[in-house]
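For reference, the chains in residue letters:
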Amino acid sequence: MQNQSQSGPYDLIIVGAGTAGSIIAARLAEHGVRARDGEPLKIVMLEAGPYLKGKLNPGYGVPSRRSRFTNVSHNESGRWVWPWPEAAKMVGGCTMHWGNNGYLPYEMDYIHWMDESGVDWSQDKFKDSVQEIVDEYDIGDVPEEMWSPGNRLFKKTVESMGHNPRYVPTGRKNCIYCGLCGRGNFCRYDSKPNVLGYVWRAEQAGVELIPEVEVEKVIIDRRGEKGIARGVVLRQQDGTVRELRADKVLVSCGAYGTPILLGRSGYGPREQLGDKTLVHNPNVGNNLEIQPGNDVWAEYDFDVKRERGAGNYGHYFWPEFPADGNNVVGIRDTIMSFPTYPQVAAVRGLAPRFGQAHKDYMRTAVRRVGGIRSSILTPLVKGSINIITGATSYPYSDPRNVKRLHWSAEIMREIHRKMGAKKIEQHDPPSYGGGHPTGTCRAGSDPKESVVNPHFESHDVENLLICDGSVIPRACLSHKCIPVSTISAFAGRRILADHYTRG
Amino acid sequence: MPKKEKVSRRKFIKHGSVSTVAVAISQVTPSLGQTTGTLPSNYDRALIFAKLGDTLIPSSPGDPGYKTLEPYNITAEIMKGVASISDQDMALFNSESADHFGGKTFVELSEAQRAEYLNMIVDEVNISDSRVLGRLKSVYSLVRLRVFIVFYQNYPQHTIMRDAEGVPILPPDDEHQITNPNQPGLVTGWDIAGWRGPMTWEEEEERREMSKKLKWKQY
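These figures come from a predicted structure and were not determined experimentally.

1. Comments concerning the overall build of chain A
Point 1. Helix and strand counts for chain A come out as 13 helices and 21 strands.
Point 2. Here chain A has a C-alpha radius of gyration of 23 Å; the compact-globule value for 503 residues is 23 Å, and the two agree.
Point 3. A total of 503 residues make up chain A; the buried ones form 59% of that total.

In structure tokens, the structure reads:
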């Protein structure tokens, strides 16, 4: 280790200034004190990516972000676009690029979490946390004026088929409806809700934020079969390695980043870590749930999208909802809302082969070509992540997934037909690499089945806390970003009460 | 003449054999993703890509297409993304047309004949050797995908100049930091598709006014 220096001690080191880290940092800094003496907390938050500073100015944006976020297309959005799953490695994390659909956790989500691993996360206990996120992200309904023609037609058609489409709630602040946010682009106008407001509040309350440092490992001292967290080792951009010491460490690196960091720290399955194992827990990196999905696109004789900009996330419905809430498929007209990128329209299966016919198709395709999307929201299939290599293993081709996706593809084709599509993609859509990973360090009451307890404390390593998408015991009907946000708001309250309140 | 020496270069390429003839006559240096083997002396990889691009997105007076962007090196850009297609497969693609178009290779065909040849491959007609057909279809699919993506991502105005920190370099008088790479004067994929890219400041202001009139209903 070169140039090693030691800083601290801190009361708390937060690793990761993304969704969870930022929300919890603000809560603890604003309301917490050291339990032993009532003094203000000394908190440091570390982030691997850059910090594009500037107080939020929704509707306009600020130079630091506006200049970098170009709103061009996904591959020209800037240097902070990583391949999935690390789409936005920067202060603000996933909230910088998420699709801003604001599905709040459903009653069934809480039931699933509690049934899956014994957490006590009931809907009633989350009430304040949910309201906090609704207020912070300004979650609501996009006015009907901003619906696309395809959105209107989808709703009417699905209703005529006997379903109950509901509007996809979204978070927006002074949005000008440019229509470029739905494909993972950063928002140059600060209209897409993010956690930078929390970051600003955390800093105002004294949190030290250090961007562009990579945490190499959490320092864990072994205590018999268990361990105790002492701090972290980090590497700065210039290669300097530093050690920070703290009473507690909170890891919030996301559903993929967190198990990998724990693996580098010697905490995880012995089968993978071998003689580098400090503390064994087979659940680190396991119980991965994602939401496999597929699209069916169609070409229309008329415009289904707006000529310029777009408004919303459209509607969704569940074609059937089993009593146990498992294997539920959500179908939505999201890709009827946003203009279709030319390069996407050009290569869809319904485009003419080539030549003049293809060129003529392209002249209006961005408005006339749209898709319907389905996802298995509560899949029955689990995978894992290798905490050494970072490779994920997920059985997309499990018959339970495939059967469900074929079934939903037929429904989507039927909707397109009834909507009056001219040409509909007929191939069996392959499942795409579903997103919204959860469960890789899941919370639970049984140490044999989980990594942290319902209070976000590691079962095995004292003074180690974890909160991000990895702790969510089951994939959610409410997708991912809002559940992570509400669970983080909830975690902030619990950690505050458990550790940073006097007396 | 021994039987194996009767194998024409085209037949050789067609059957992808590398075991015998290649050893005797090949001077080809294999590259990543390529199999070793001989190539016709007139083999011109770039020309085949250029003709394919022109067939996929035709140009005509008043209606620019792929060929219009040749002065901007679009073929070189296309070739950066298709290194996985071997020279043998490209040569086969070029030579196989000779069996169906009076001995003419793909690059020698007229525009209409090139289109007919591509349709023949996609429709799987008149090409009985399934292995050959598979290789031809693979070339067609990969090149088609690459050409359409590059062209309709607005090549050559598809990127924004950035400094070492990743910050777009804008004209000094652009105080609103409008970063639309698409410029007037050259017809690109975005222009054909009617894709206007990021908004101008004036459009933003109009939309802010519109946005103020909308009623937002928070949950």
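2. Some thoughts on the overall build of chain B
Point 1. Broken down by element type, chain B carries nine helices and one strand.
Point 2. Taken from N to C terminus, the helices and strands of chain B fall in the order α-α-α-α-α-α-α-α-α-β.
Point 3. Each of the 219 residues in chain B was classed as buried or not, and the buried ones make up 32%.
Point 4. Considering only contacts in chain B between residues 6 or more positions apart, those separated by 24 or more positions represent 56%.

3. Details of the interface of chain B and chain A
Point 1. Facing 43 residues of chain B, the contacting portion of chain A comprises 41 residues.
Point 2. Take the side of chain B that touches chain A: its biggest share by element is five residues, from helix α7 (residues 130-152) of chain B.
Point 3. Of the residues in the side of chain B that touches chain A, the class split is 23 nonpolar, 13 polar and seven charged.
Point 4. The sheet contact formed by strand β3 (residues 139-141) of chain A and strand β1 (residues 217-218) of chain B spans two bridges and is antiparallel. Paired with A:Gly140 across the two strands is B:Gln218, which belongs to β1(B).

4. Concerning the pairing of strand β2 (residues 43-46) of chain A
Residues and elements named next belong to chain A.
Point 1. Taking every second residue as pointing to the same face, both faces of β2 are buried, with Ile43 and Met45 on one and Val44 and Leu46 on the other.
Point 2. Relative to strand β6 (residues 208-210), β2 runs parallel, the two being bridged by three bridges. Among the inter-strand pairings, Met45 is bridged to a residue of β6, identified as Leu209.

5. Concerning the sheet that holds β3(A)
Whenever strands of a sheet pair, they do so through backbone hydrogen bonds, lying parallel or antiparallel.
Point 1. The three strands lie next to each other as β5(A)-β3(A)-β1(B), forming an open sheet whose pairing is antiparallel. The sheet terminates laterally at β5 (170-171) of chain A together with β1 of chain B, the two strands that pair on one side only.
Point 2. When β3(A) meets β5(A), the two strands line up antiparallel, connected through two bridges. Note on β5(A): the bridge partner recorded for A:Ile139 is A:Gly171.

6. Side note on the packing of helix α1 (residues 19-31) of chain A against helix α13 (residues 481-499) of chain A
For any two helices packed against each other, the geometry is given by the interaxial angle and the distance between the axes.
Residues and elements named next belong to chain A.
Point 1. It is at 8 Å that the axes of α1 and α13 come closest, and there the two elements cross at 30 degrees. Between α1 and α13, the angle falls in the class roughly parallel. For the crossing formed where α1 meets α13, the hand is right-handed. When α1 is examined against α13, the residues Thr19, Ala20, Ile23, Ile24, Arg27, Leu28 and His31 are found in contact with a partner set consisting of Cys481, Val484, Ser485, Ser488, Ala489, Ala491, Gly492, Arg493, Ile495 and Leu496.

7. Here's the deal with the nonpolar core
All names here are of chain A.
Point 1. Counting 183 residues, the largest nonpolar core has Ile13, Val15, Ala25 and Ile43 as its most contacted members.
Point 2. There are two domains that each give this core at least three residues, and those are domain 1 (5-138 + 173-286 + 437-499) and domain 2 (289-381 + 397-430).
Point 3. When neighbours within four sequence positions are excluded, Val15 is seen to be in contact with Leu46, Val215, Val232, Val249, Leu250, Val251, Ser252, Cys253 and Leu261.

8. Quick look at the domain arrangement of chain A
Residue and element names in this part refer to chain A.
Point 1. On domain assignment, one finds that chain A holds domain 1 (5-138 + 173-286 + 437-499) and domain 2 (289-381 + 397-430).
Point 2. Between the C-alpha centres of domain 1 and domain 2 there is a distance of 32 Å.
Point 3. Contact residues are listed per partner, giving 16 residues for domain 1 and 17 residues for domain 2.
Point 4. Elements that contribute at least two residues to the side of domain 1 that touches domain 2 include exactly α3 (107-117) and β19 (432-438).
Point 5. Ranked by residues supplied to the side of domain 1 that touches domain 2, first place goes to α3 with three residues.
Point 6. Across the side of domain 1 that touches domain 2, the residue classes break down as seven nonpolar, seven polar and two charged.

About the criteria used
Residues numbered from 1 in each chain as written. Chains lettered and ligands numbered in written order. Predicted model: local features only at pLDDT ≥ 70, side-chain atom pairs only at ≥ 80, totals over all residues. Helix = DSSP H or I, 4+ residues; strand = E, 2+ residues; numbered from the N terminus. Rg over C-alpha atoms; globule rule 2.2 N^0.38 Å. Buried ≥ 20, exposed ≤ 12 C-beta atoms within 10 Å, placed from the backbone. Contact = placed C-beta atoms within 7 Å. Nonpolar A, V, L, I, M, F, W, Y, C, P; charged D, E, K, R; others polar. Pairing = 2+ DSSP bridges. Axes fitted to C-alpha atoms, helices over the stretch in contact; angles between N-to-C directions. Parallel < 35°, antiparallel > 145°, perpendicular 65-115°, else oblique. Left-handed = near helix turned anticlockwise from the far one by under 90°. Core = buried A, V, L, I, M, F, W, Y, C linked by C-beta atoms within 7 Å. Domains from an automatic or database assignment.

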